[in-house]
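Results of the structural survey
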Amino acid sequence: MAKILVKETLAPNTHYFRIDAPLVARHAKAGQFVILRVDELGERVPFTIADIDPVEGSITLVIQEVGETTRQMGAMKSGDDIRDLLGPLGMPSEIENFGTVVLLGGGFGIAAIHVLAKALHEAGNRVVSIIGSRNKDLLIMEKEMRAVSDEVIVMSDDGSIGRQGLVTEPLKEMLDAGTVDRVCAVGPIPMMRAVGEVTRPYGVKTIVSLNPVMVDGTGMCGGCRVEVGGKTLFACVDGPEFDAHETNFKELIHRTRMFRPMEQRDPDSCRMLQQADVVSQKPAAGADHESRES
Amino acid sequence: MNVSERLKIQRHEVPALDAHHRAQCFEEVAVGFDEKTARAEADRCIQCKRPLCMEGCPVSIDIPGFIRKISEGDFPGAIERIRTTNSLPSICGRVCPQENQCERVCVVGKKGEPVAIGALERFVADFERRYSLPVEGVKVKPSGRKVAVVGSGPAGLTAAGHLAQLGHAVTVFEAFHEAGGVLIYGIPEFRLPKAIVQEEVTKLRTMGVEFALNTLVGRTITIDELLADNYSAVFLAPGAGTPMFMNIPGENLNGVCSANEFLTRVNLMKAFDFPRQQTPVYLGQRIAVVGGGNTAMDAARTARRMGPDKVYIVYRRSENEMPARREEVHHAQEEGVEFLTLTAPTQYIGTEDGWVTAMECQRMELSEPDASGRRRPVPVVGSEFTLEVDTVIVAIGAKTNDLLLHTTPGLEAERKGYLTLDKATGMTSRPGVFAGGDIAGGEATVIAAMGDGRRAAISIDEYVKEK
Ligand SMILES: Cc1cc2nc3c(=O)[nH]c(=O)nc-3n(C[C@H](O)[C@H](O)[C@H](O)COP(=O)(O)OP(=O)(O)OC[C@H]3O[C@@H](n4cnc5c(N)ncnc54)[C@H](O)[C@@H]3O)c2cc1C
Ligand code: SF4
Ligand code: FES
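Note that the structure is predicted; figures quoted are calculated from it, not measured.

Conventions adopted
Residues numbered from 1 in each chain as written. Chains lettered and ligands numbered in written order. Predicted model: local features only at pLDDT ≥ 70, side-chain atom pairs only at ≥ 80, totals over all residues. Heavy atoms only, no water. Salt bridge = Lys/Arg side-chain N within 4 Å of Asp/Glu carboxyl O. Helix = DSSP H or I, 4+ residues; strand = E, 2+ residues; numbered from the N terminus. Buried < 20%, exposed > 50% of the residue type's maximum accessible area, 1.4 Å probe, protein only. Pairing = 2+ DSSP bridges. Axes fitted to C-alpha atoms, helices over the stretch in contact; angles between N-to-C directions. Contact = heavy atoms within 4.5 Å. 1 Å grid on protein atoms, 1.4 Å probe; cavity = no way out; pocket = protein on both sides within 12 Å on 5 of 7 lines; lining within 4 Å. Points joined across faces, edges and corners; volume = space filled by probe spheres on them. Nonpolar A, V, L, I, M, F, W, Y, C, P; charged D, E, K, R; others polar. Parallel < 35°, antiparallel > 145°, perpendicular 65-115°, else oblique. Left-handed = near helix turned anticlockwise from the far one by under 90°. Near = heavy atom within 4 Å. Polar contact = N/O pair within 3.5 Å; in protein donor to acceptor, adjacent residues only side chain to side chain. Areas by Shrake-Rupley, 256 points an atom, 1.4 Å probe, with all protein chains shown as cover. Domains from an automatic or database assignment. Buried area = accessible area lost by both parts, 1.4 Å probe. Phe/Tyr/Trp six-rings, centres within 6.5 Å; stacked < 30°, edge-to-face > 60°. Lys NZ or Arg CZ within 6 Å of the ring centre and 35° of its normal.

Some details on the pattern of salt bridges
Residue and element names in this part refer to chain B. In this structure the tally under the stated criterion is 46 salt bridges over all chains. Where Glu-335 meets Arg-305, a salt bridge forms, and the shortest distance between an N and an O atom there is 2.8 Å. Of the two residues, Glu-335 is situated in the loop between α17 (326–334) and β9 (338–340) and Arg-305 in the loop between α16 (294–304) and β8 (310–314); the sequence distance between them amounts to 30 residues. As far as burial versus exposure is concerned, Glu-335 and Arg-305 are alike and both buried. It is possible to trace a salt-bridge network through shared partners that takes in Arg-22, Glu-99, Arg-191, Asp-298, Arg-301, Arg-305, Arg-325, Glu-328, Glu-334 and Glu-335.

Regarding the sheet that holds strand β4 (residues 231–236) of chain B
Residue and element names in this part refer to chain B. Taking strand neighbours across the sheet as the criterion, the five strands line up as β3-β2-β1-β4-β16 in an open arrangement whose pairing is parallel. What marks the edges here is a single partner per strand, and that holds for β3 (210–212) and β16 (433–435). If you compare each strand with its neighbour and ignore which way they point, the axes differ by 25 degrees on average. Of the strands in this sheet, β1 (146–150), β4 and β16 are in contact with helix α19 (residues 446–466), which crosses β4 at around 165 degrees.

Here's the deal with the layout of surface pockets
Residue and element names in this part refer to chain B. Here the second largest pocket is characterised by a volume of approximately 680 Å³. For the second largest pocket, the lining is made up of 32 residues, of which Arg-11, Glu-13, Val-14, Arg-325 and Glu-327 are closest to its centre. At the level of elements, α7 (89–95), α8 (102–105), α10 (117–131) and α17 are the ones that each hand at least two residues to the lining of the second largest pocket. At six residues, α17 tops the list of elements feeding residues into the lining of the second largest pocket. By residue class, the composition of the lining of the second largest pocket is 10 nonpolar, six polar and 16 charged.

Some points on the packing of helix α3 (residues 35–42) of chain B against helix α5 (residues 63–71) of chain B
Residue and element names in this part refer to chain B. Two elements in contact, α3 and α5, have axes whose closest approach is 8 Å; the angle formed by their N-to-C orientations is 130 degrees. Relative to α5, α3 is oriented oblique. Crossing hand, α3 versus α5: left-handed. On the side of α3, the interface is formed by Ala-38, Arg-39 and Ala-42, while α5 contributes Ile-67, Ile-70 and Ser-71. Residues belonging to the contact of α3 with α5 are distributed by class as follows: four nonpolar, one polar and one charged.

Details of the site of ligand 1
Residues and elements named next belong to chain B. In the neighbourhood of ligand 1, 34 residues make up the surrounding shell, with Val-95, Glu-174, Arg-191, Asp-438 and Val-446 lying closest. One of the backbone N or O atoms of Pro-154 is found 3.3 Å from an oxygen atom in ligand 1. Within the backbone of Val-217, a nitrogen or oxygen atom sits 2.9 Å from a nitrogen atom of ligand 1. Here ligand 1, which alone exposes 1,000 Å², has 93% of that area covered by the protein. Of all the secondary structure elements, the ones that give two or more residues to the shell around ligand 1 are α11 (154–165), α16 and α19. Element by element, the count of residues in the shell around ligand 1 is highest for α16, at three residues. In terms of residue class, the shell around ligand 1 is built from 19 nonpolar, 11 polar and four charged.

Re the interface of chain A and chain B
Taken together, the contacts link 49 residues of chain A with 44 residues of chain B. Counting the contacts that link chain A with chain B gives one salt bridge. In this structure, Glu225(B) engages Arg26(A) in a salt bridge whose closest nitrogen and oxygen atoms are separated by 3.1 Å. A per-class count over the side of chain A that touches chain B returns 17 nonpolar, 15 polar and 17 charged.

As for the domain arrangement of chain A
Residue and element names in this part refer to chain A. The domain architecture assigned to chain A consists of domain 1 (2–89) and domain 2 (93–200). Relative to domain 2, the C-alpha centre of domain 1 lies at a distance of 23 Å. In this assembly, 14 residues from domain 1 lie in contact with 13 residues from domain 2. At the boundary of domain 1 with domain 2, total buried surface from both sides reaches about 1,100 Å², with 70% on carbon and sulfur atoms. At the boundary of domain 1 and domain 2, one finds one salt bridge.

Section: the site of ligand 2
Looking at ligand 2, the residues that line it are Cys45(B), Ile46(B), Cys48(B), Pro51(B), Cys53(B), Pro64(B), Cys106(B), Val107(B), Val108(B) and Ile117(B). For the shell around ligand 2, the per-class residue count stands at 10 nonpolar, no polar and no charged.

A closer look at unusual backbone geometry
Of note, the amide linkage connecting Gly87(A) to Pro88(A) takes the cis form, showing an omega dihedral of -5 degrees. In this fold, Pro88(A) is placed in strand β8 (residues 84–89). In this structure, Pro240(A) follows Gly239(A) across a cis peptide bond, with omega equal to 10 degrees. Residue Asn230(B) is not a glycine yet carries a positive backbone phi of 65 degrees. Looking at the secondary structure, you find Asn230(B) in the loop between α14 (223–228) and β4.

Digging into the sheet that holds strand β5 (residues 51–53) of chain A
Residue and element names in this part refer to chain A. One open sheet holds the five strands; their spatial order is β5-β6-β2-β1-β7, and the pairing between them is antiparallel. Unpaired on one side and paired on the other, β5 and β7 (81–82) mark the two borders of the sheet. With seven bridges connecting them, strand β2 (residues 14–20) and strand β6 (residues 58–64) associate as antiparallel partners. Paired with Asp-20 across the two strands is Ser-58, which belongs to β6. Of the strands in this sheet, β5 and β6 touch helix α3 (residues 109–122), which is tilted by about 55 degrees from β5.

What to know about the packing of aromatic side chains
Scanning all chains against the criterion turns up nine aromatic pairs over all chains. On the basis of an interplanar angle of 25 degrees and a centroid distance of 5.1 Å, the ring pair of Phe26(B) and Phe272(B) is categorised as stacked. Of this pair, Phe26(B) sits in the loop between α2 (19–22) and α3 while Phe272(B) sits in the loop between α15 (259–268) and β7 (286–290), placing them 246 residues apart in sequence. Overall, Phe272(B) belongs to the partly exposed group, its relative accessible area being 45%. An aromatic cluster is present here, built from Phe26(B), Phe190(B) and Phe272(B) joined pairwise through their rings. One residue, Arg182(A), lies across the ring of Phe98(A), its end atom 3.9 Å from the ring centre. In this structure, Lys146(B) is placed above the aromatic ring of Tyr231(B), and the distance from its NZ or CZ to the ring centre is 4.3 Å.

A few points about the environment of Asn13(A)
Along the chain, the position of Asn13(A) falls in the loop between β1 (2–11) and β2. Those residues in contact with Asn13(A), other than ones at most four positions away along the chain, are Ile63(A), Gln64(A) and Glu65(A).

Here we look at the pairing of strand β4 (residues 45–48) of chain A
Residue and element names in this part refer to chain A. Judged by which residues are buried, β4 turns out to be covered on both faces: Val-45 and Phe-47 on one side and Pro-46 and Thr-48 on the other are all buried. Judged from the four bridges that link them, strand β3 (residues 33–37) and β4 form a sheet pairing that is antiparallel. Counterpart to Phe-33 in the pairing with β4 is Thr-48.

Here's what the structure looks like:
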């Protein structure tokens with residue numbers, strides 16, 4: 001059991017959870033994730049760790065309601081218990097002083113880059129965070145991002161906050177100016193793929209956090225296989241972060257849709273479709289999934 | 001009864017549920033002996049002076065001893081005999097490959113059929129389950145020592161039980177949300193009812209063993225931290241849980257998964273009850289299971305029960321070389337699983353949007369025996385053919401997970417990541433850290449894992465007393 005210490009709603013359907021998990025908090029590093037199961041009927045679903053407080057013994061998750069598990073999480077309150085929580089899982093992000101690092105977060109991928117920004121900032125990097133959402137109401141964690149970045153650029157689809165346009169636009173300008181040493185992007189797959197395509201011609205190392213279907217999260221099932229650099233790797237133990245330029249995004253997109261046909265086999269069950277959405281959007285995906293299809 | 005009378009009795013076969021009925025449900029297939037049959041089968045044992053069966057048993061159960069008790073009708077006496085060396089008889093009686101162990105060398109089997117030792121073991125274990133009183137807390141004097149066990153498969157559970165009996169305070173750390181290892185997530189309900197495994201875990205809890213679930217050692221906590229936190233010794237039993245793939249084209253198509261994934265979704269996450277249980281499992285209408293071991297049979301038989309049109313076993317050698325237990329092969333065939341032996345997939349073919357639609361296969365023929373003593377399959381030139389499938393379950397074996405190796409300084413491994421152990425004690429290269437079960441690279445059976453767990457418990461007891 002893991003107790004929810006604090007739950008707040010950050011934006012419509014997007015919630016912040018501070019969870020009591022002393023052992024996870026003591027060992028977690030930026031880039032890692034947890035797998036949780038809400039109750040005894042629940043699915044095992046991964047979520048990126050958005051913040052770590054080893055002193056309080058807590059971790060933060062930011063969860064957007066996209067399917068059954070996340071909707072159940074959305075209905076939980078401070079003081080409630082999550083049945084099972086396992087972590088930290090996966091390889092920590094590579095943290096060094098790279099120089100200038102541009103971080104891109106889409107939707108609630110912003111939560112995932114928050115902890116990364118913090119670690120990179122502490123390691124002495126100049127951190128530029130480009131965060132985007134569909135509109136002003138859906139933008140989360142702007143203040144928190146400012147606290148851990150040297151510069152924050154806000155983008156929105158409709159211009160209701162920050163600049164109007166895609167997160168890749170300011171990135172391209174910076175690449176042209178030749179001031180970028182490393183790029184990390186977390187968000188919907190099309191957004192991460194687009195970031196990789198933008199940086200490729202410049203040869204700037206670009207890291208993305210992949211979100212395939214997972215079951216155990218410990219290397220036992222192979223459900224999380226991804227093709228990177230022509231090799232099959234397990235995202236839960238070899239990742240979840242990989243080089244965007246080496247990642248087979250087409251395959252990843254197919255694989256995240258794996259459970260959608262279940263809905264076609266049983267048209268009466270809309271829960272199956274929701275299920276497929278949970279599966280396809282973990283551990284971090286954005287409200288702006290559709291708008292970011294490039 | 002004299003020996004020649006005993007030898008005249010025909011072997012009693014274990015009754016099984018009707019194949020048609022069972023192919024549609026998850027009820028246990030093998031029904032087990034009743035008292036009368038058990039006693040009649042026990043009469044077949046000639047009580048050898050030098051019981052070869054015991055040499056064939058990895059934990060040297062006093063087989064003639066317990067069988068004699070059965071024939072005398074003293075079932076509690078029989079279970080007591082077994083329990084001196086085997087703490088999980090209701091599990092072993094169901095999943096041990098007796099035909100390669102005790103029954104293979106049984107003297108009665110030299111001329112006719114061997115004594116049905118496995119079925120008799122299961123009979124007494126079930127008798128105990130039905131009638132025994134709840135297990136009481138261990139009455140031994142606490143040693144004041146803490147021992148950590150990593151992994152709750154048969155090796156970990158066995159070690160925990162013995163260590164608790166020796167008075168040590170045991171905590172079992174398990175990554176999953178439920179204890180039991182392969183017994184829970186791998187071996188299906190119809191072969192090993194989960195209630196049996198849960199009862200064993202409950203017994204251990206009653207004995208004072210603590211279970212720290214949702215704890216991945218190496219990530220949630222490290223071995224170094226455990227040793228610093230007053231654990232006098234650690235037993236590593238993480239299994240060899242990483243599934244292998246063939247690395248052939250198309251293996252990442254949708255509809256292709258490992259047997260571990262398929263079985264975990266169905267057994268542990270109960271996906272057969274989707275959507276009430278929230279974990280889905282994908283299964284089409286034409287299923288190919290690649291492999292010939294127990295895992296392959298379990299996957300094929302589980303798939304069969306979920307109602308597809310066709311379930312194939314695709315195996316590159318012939319039926320004789322299959323590592324699966326004979327009984328499982330026969331049960332699978334009876335349930336309507338079709339066997340394509342001497343056949344190996346060479347690639348998978350899929351749709352534009354990434355779904356598998358067919359597998360390209362090659363016929364094989366057997367040549368000289370290889371290192372494993374089995375005849376090596378070689379491709380037959382020009383024998384390629386295509387098999388239409390919409391689901392492929394890959395069950396070609398497992399390899400070690402190197403997490404503990406990477407997160408534990410001083411731990412050493414041999415080829416393929418199996419931990420280097422002192423043969424006599426089971427201690428790893430790291431003092432105070434012992435290991436056993438599949439991670440030690442032995443037989444990869446439940447009973448071998450249990451034997452390791454028992455041996456390690458004895459060594460750990462000596463080690464912590466000396467410290
Ligand atoms: C489908 C299937 C069918 C089988 N059928 C048979 C059969 O009929 N007869 C037979 O004799 N054998 C059979 N086997 C083989 C047998 O199950 C194994 O040999 C046996 O379970 C090994 O036991 P173990 O204790 O070493 O590990 P496992 O049973 O693999 O258990 C290891 C446990 O450790 C946990 N773990 C791993 N790493 C960590 C970590 N770092 N921290 C915490 N926990 C961790 C895992 O989650 C797991 O629960 C079968 C195997 C499979 C997969
Ligand atoms: S070898 Fe066979 S006949 Fe001899 S003691 Fe063992 S079970 Fe009985
Ligand atoms: S989630 Fe099972 S191996 Fe990665």
